[in-house]
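Letter by letter, the chains look like this.
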Amino acid sequence: MKLYYNPQSRAVIAKWMRDECGAGYEIVPIDFAKREHKAPEFLKINPAGKLPALVDGDTKVFENAAICLYLGDKFPEANLAPKVGALERGRYLSLMVYSTSQLEPAMGDMLLKVQPLPQRGWPEFETVKDVIEGELGEGPYLFGNWFTAADVMIGSMFIWKRMWGTPPDRPKLEAYVDRLLARPKAMQLGK
Ligand SMILES: N[C@@H](CCC(=O)N[C@@H](CS)C(=O)NCC(=O)O)C(=O)O
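Residues numbered from 1 in each chain as written. Predicted model: local features only at pLDDT ≥ 70, side-chain atom pairs only at ≥ 80, totals over all residues. Heavy atoms only, no water.

*Asks:* Explain a nonpolar patch on the surface to me, using residue names and the numbers behind them.
*Replies:* A contiguous nonpolar surface patch, about 300 Å² in accessible area, is contributed by Leu112, Val114 and Trp164. Here Leu112 is to be found in the loop between α4 (89-111) and α5 (125-136). Assessed through its relative accessible area of 57%, Leu112 is described here as exposed. (Patch = residues over 30% accessible without salt bridge, like charges linked within 9 Å, V, L, I, M, F, W, Y side chains within 5 Å. Areas by Shrake-Rupley, 256 points an atom, 1.4 Å probe, with all protein chains shown as cover. Salt bridge = Lys/Arg side-chain N within 4 Å of Asp/Glu carboxyl O. Helix = DSSP H or I, 4+ residues; strand = E, 2+ residues; numbered from the N terminus. Buried < 20%, exposed > 50% of the residue type's maximum accessible area, 1.4 Å probe, protein only.)

*Asks:* Can you explain the sheet that holds strand β1 (residues 2-5)? Please cite residues and give values.
*Replies:* Taken together, 4 strands build an open sheet; the order of strands is β2-β1-β3-β4 and the sheet is mixed. Taken across any chain shown, the strands that pair with only one partner, and hence form the sheet edges, are β2 (26-29) and β4 (59-62). For this sheet the average axis-to-axis angle between neighbouring strands, irrespective of direction, equals 20°. With 4 bridges joining them, strand β3 (residues 53-56) and β4 adopt antiparallel strand pairing. Residue Val55 lies in a different strand from β4, and its bridge partner there is Lys60. Across the sheet, helix α1 (residues 11-21) lies against β1 and β2, angled at about 150° from β1, the strand it touches most. Here helix α3 (residues 64-74) sits on the sheet in contact with β3 and β4, set at roughly 135° to β4. (Pairing = 2+ DSSP bridges. Axes fitted to C-alpha atoms, helices over the stretch in contact; angles between N-to-C directions. Contact = heavy atoms within 4.5 Å.)

*Asks:* Run through the site of the ligand, naming residues and quoting values.
*Replies:* Around the ligand, the neighbouring residues are Ser9, Arg10, Phe32, His37, Lys38, Lys50, Leu51, Pro52, Glu63 and Asn64. In the environment of the ligand, an oxygen atom lies 3.1 Å from a nitrogen or oxygen atom belonging to the side chain of Lys38. Within the side chain of Glu63, a nitrogen or oxygen atom sits 2.8 Å from a nitrogen atom of the ligand. The residue makeup of the shell around the ligand, split by class, is 3 nonpolar, 3 polar and 4 charged. (Near = heavy atom within 4 Å. Polar contact = N/O pair within 3.5 Å; in protein donor to acceptor, adjacent residues only side chain to side chain. Nonpolar A, V, L, I, M, F, W, Y, C, P; charged D, E, K, R; others polar.)

*Asks:* Outline the pattern of salt bridges, supporting the account with residue identities and numerical values.
*Replies:* Per the stated rule, a full pass over the model turns up 17 salt bridges. Its salt-bridge partner being Glu20, residue Arg183 comes within 3.0 Å of it at the nearest N-O pair. Of this pair, Arg183 sits in the segment after α7 (171-181) while Glu20 sits in helix α1; the two residues are 163 residues apart in sequence, bridging distant segments of the chain. Owing to a relative accessible area of 13%, Glu20 belongs among the buried residues under this scheme. Put simply, Asp169 and Lys129 hold a salt bridge, and the shortest N to O gap is 2.4 Å. Highlighted residues: Asp169 in the loop between α6 (149-164) and α7 and Lys129 in helix α5, separated in sequence by 40 residues. A residue is classified by how much of its surface remains accessible, and Lys129, at 1% relative accessible area, is buried. A single network of salt bridges, built from pairs that share partners, joins Glu126, Lys129, Asp130, Glu133, Lys161, Asp169 and Arg170.

*Asks:* An account of unusual backbone geometry is requested, with residue identities and associated values reported.
*Replies:* With an omega of 0°, the peptide bond running from Leu51 to Pro52 counts as cis. With an omega dihedral of 5°, the bond running from Gly139 to Pro140 counts as a cis peptide bond. With respect to the helices and strands, Pro140 occurs in the loop between α5 and α6. A positive phi angle, near 65°, is found at Ala23, a position not held by glycine. By the secondary structure assignment, Ala23 is in the loop between α1 and β2. Positive phi is not limited to glycine here, since Lys113 has a value of about 60°.

*Asks:* Give a description of the packing of α5 against α6 that names residues and reports values.
*Replies:* Remark: α5 packs on α6, axes separated minimally by 12 Å, with the N-to-C direction vectors making an angle of 130°. As summarised for this structure, α5 and α6 are arranged oblique, according to the angle between their axes. The crossing of α5 and α6 is left-handed. Across the interface between the two elements, Phe125, Lys129 and Ile132 from α5 touch Ile154, Phe158 and Lys161 from α6. When the residues that make up the contact of α5 with α6 are grouped by side-chain class, the tally is 4 nonpolar, no polar and 2 charged. (Parallel < 35°, antiparallel > 145°, perpendicular 65-115°, else oblique. Left-handed = near helix turned anticlockwise from the far one by under 90°.)

These figures capture arrangement, not role.
Following this line, the structure appears as structure tokens:
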């Protein structure tokens, strides 16, 4: 299994998930300055020309959410994903998609000081934070004591927010980030 990777990119999310799965894999470094992510060979793996991308035998996966979903199902022994048919599966899939379709763009607007328009399909970041606080409940993770790929996808966004240097504003979410960063294989930017 190969993970196409640059430590200064969102590929750190897929790497966190892959590390949580255990067992060996290969990192393929991609140099943005050399535009290796736009090379014809790489575009056969990810036609969008972005990181991360994962290759597992003949299977190619791009987009962090898809990679985390794929890995969660691929490594059942790591117990990072509710199985098909499990009661938790629907909420799990919803949170995985929410992370990338609502949370990430809303947070991006906030970080880049873009005024969100309702037609864009995602709300203001404050609304997203309300939703995630509600989903977290008493925690410690989104599924109680069970750490899943949903924590990788959603937690990585709040870790990223902290790394960006925004002031802490929601104690519950800050405590969640602290818990996630205390995990031995937690996401690290730049490594
Ligand atoms: N939604 C995508 C975002 C991927 C993405 O935008 N990656 C950036 C690095 S953080 C990239 O490869 N940018 C290079 C480019 O667009 O030219 C995901 O989560 O996989």
